[in-house]
Amino acid sequence: MVKFSLVFCFLFISASFIDFTVATKKSVGYYEIKKGDISVTVTNYGATILSVKVPDNKGNIADIALGFRSIGQYTNDTTYFGALVGRVANRISGARFDINGKTYKVFPNEGNNTLHGGHRGFGDVFWTVKNHQKDGHNPHITLTYDSFDGEQGFSGDLSVSVTYKLMKYNKLAVIMEAKPLNKATPVNLAQHTYWNLGDITAATSCKAKSKYLDLKLRQ
């Protein structure tokens with residue numbers, strides 16, 4: 001029986017400017033990493049995990065990451081399927097926080113609260129692919145995002161990166177790092193994939209109805 005486990009390595013650091021108009025003109029890319037019978041597909045939109053395909057105890061391959069049929073659904077969803085969530089995952093009550101004696105008002109997108117970074121959090125921006133090795137000894141992809149001072153109301157410039165890496169013994173590592181550049185700021189990143197760990201029949205049925213099936217992968 002093949003065992004599959006997830007290793008999540010988080011580096012949260014609490015306490016470069018990016019042109020928002022340029023970021024919105026970037027194109028959606030799809031990237032695969034593969035090791036043995038395990039493969040992961042990621043997009044630079046939201047540093048989102050689109051699929052994680054693994055074998056069951058009979059060797060049948062199923063996609064265990066839930067998602068949508070088209071990339072357009074990712075840009076309009078409220079479930080954050082597979083996204084890298086930030087600047088602050090979870091809720092900020094009253095859409096404001098105090099730091100170093102100053103009150104910052106952030107974008108309220110859940111009633112009076114700020115959820116998962118605001119109206120346009122890290123799961124709704126284009127990330128830059130810094131490194132990508134599809135297969136071999138060290139299959140991985142590293143994506144980065146430079147969040148600017150005042151984005152969604154947050155304080156200071158923040159440099160963020162996430163690496164998805166396949167390791168031996170069927171492990172997927174998710175390594176997130178955040179570095180404030182000029183001001184103290186709250187940071188609480190999260191990888192927001194939903195998992196379907198049912199049997200191969202249930203997983204295949206679910207994916208056929210809900211998953212983006214016609215990806216054109218970049219090598």
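Scroll up a little and you will see the structure.
Residues numbered from 1 in each chain as written. Predicted model: local features only at pLDDT ≥ 70, side-chain atom pairs only at ≥ 80, totals over all residues. Heavy atoms only, no water.

Undergrad: Can you walk me through the pattern of salt bridges in this structure?
TA: It is possible for side chains of opposite charge to pair when their charged atoms get near one another. What the rule picks out here adds up to three salt bridges. When the shortest N-O distance is used, the salt bridge between Glu32 and Lys134 registers 3.4 Å. Within this pair, whereas Glu32 is found in strand β2 (residues 30-35), its partner Lys134 is found in the loop between β11 (128-133) and β12 (140-147), the two being separated by 102 residues in sequence. Owing to a relative accessible area of 13%, Glu32 belongs among the buried residues under this scheme. Notably, a salt bridge pairs Asp149 with Lys183, separated by 2.9 Å at the nearest N-O pair. Note that Asp149 is positioned in the loop between β12 and β13 (158-167) and Lys183 in the loop between β14 (171-180) and β15 (190-191), a separation of 34 residues in sequence. The partly exposed category is assigned to Asp149, whose relative accessible area is 33%. Here Lys183 falls in the partly exposed class, since its relative accessible area comes to 33%. (Salt bridge = Lys/Arg side-chain N within 4 Å of Asp/Glu carboxyl O. Helix = DSSP H or I, 4+ residues; strand = E, 2+ residues; numbered from the N terminus. Buried < 20%, exposed > 50% of the residue type's maximum accessible area, 1.4 Å probe, protein only.)

Undergrad: Could you clarify how one ought to interpret the sheet that holds strand β3 (residues 38-43) in this entry?
TA: Working definition: the strands of a sheet are paired by backbone hydrogen bonds and lie parallel or antiparallel to each other. If you trace the four strands from one edge of the open sheet to the other, you get β2-β3-β4-β5, paired in antiparallel fashion. Where the open sheet ends on each side, the last strands, each with one partner, are β2 and β5 (61-63). Along the sheet, successive strands turn relative to each other by an average axial angle of 15 degrees, direction set aside. As paired elements, β3 and strand β4 (residues 48-55) share five bridges and run antiparallel to each other. Counterpart to Ser39 in the pairing with β4 is Lys53. (Pairing = 2+ DSSP bridges. Axes fitted to C-alpha atoms, helices over the stretch in contact; angles between N-to-C directions.)

Undergrad: What is the right way to read the packing of aromatic side chains from this model?
TA: Given two aromatic rings, one states the distance between the centres and the angle between the planes to describe the pair. Applying the stated criterion to the full structure yields eight aromatic pairs. Consider the rings of Phe68 and Phe81, whose centres lie 4.9 Å apart with planes at 65 degrees: the pair is edge-to-face. Residue Phe68 is located in the loop between β5 and α2 (71-76), and its partner Phe81 is located in the loop between α2 and β6 (84-85); the two are separated by 13 residues in the primary sequence. The same class applies to Phe68 as to Phe81, namely buried. Consider the rings of Phe97 and Phe154, whose centres lie 5.9 Å apart with planes at 25 degrees: the pair is stacked. (Phe/Tyr/Trp six-rings, centres within 6.5 Å; stacked < 30°, edge-to-face > 60°.)

Undergrad: So what exactly am I meant to see when it comes to the environment of Gly118 here?
TA: Among the structural elements, Gly118 can be located in the loop between β10 (114-115) and β11. Its relative accessible area of 2% is what places Gly118 among the buried residues. Linking Gly118 and Ala89, residues 29 residues apart in sequence, is a C-alpha distance of 9.6 Å.

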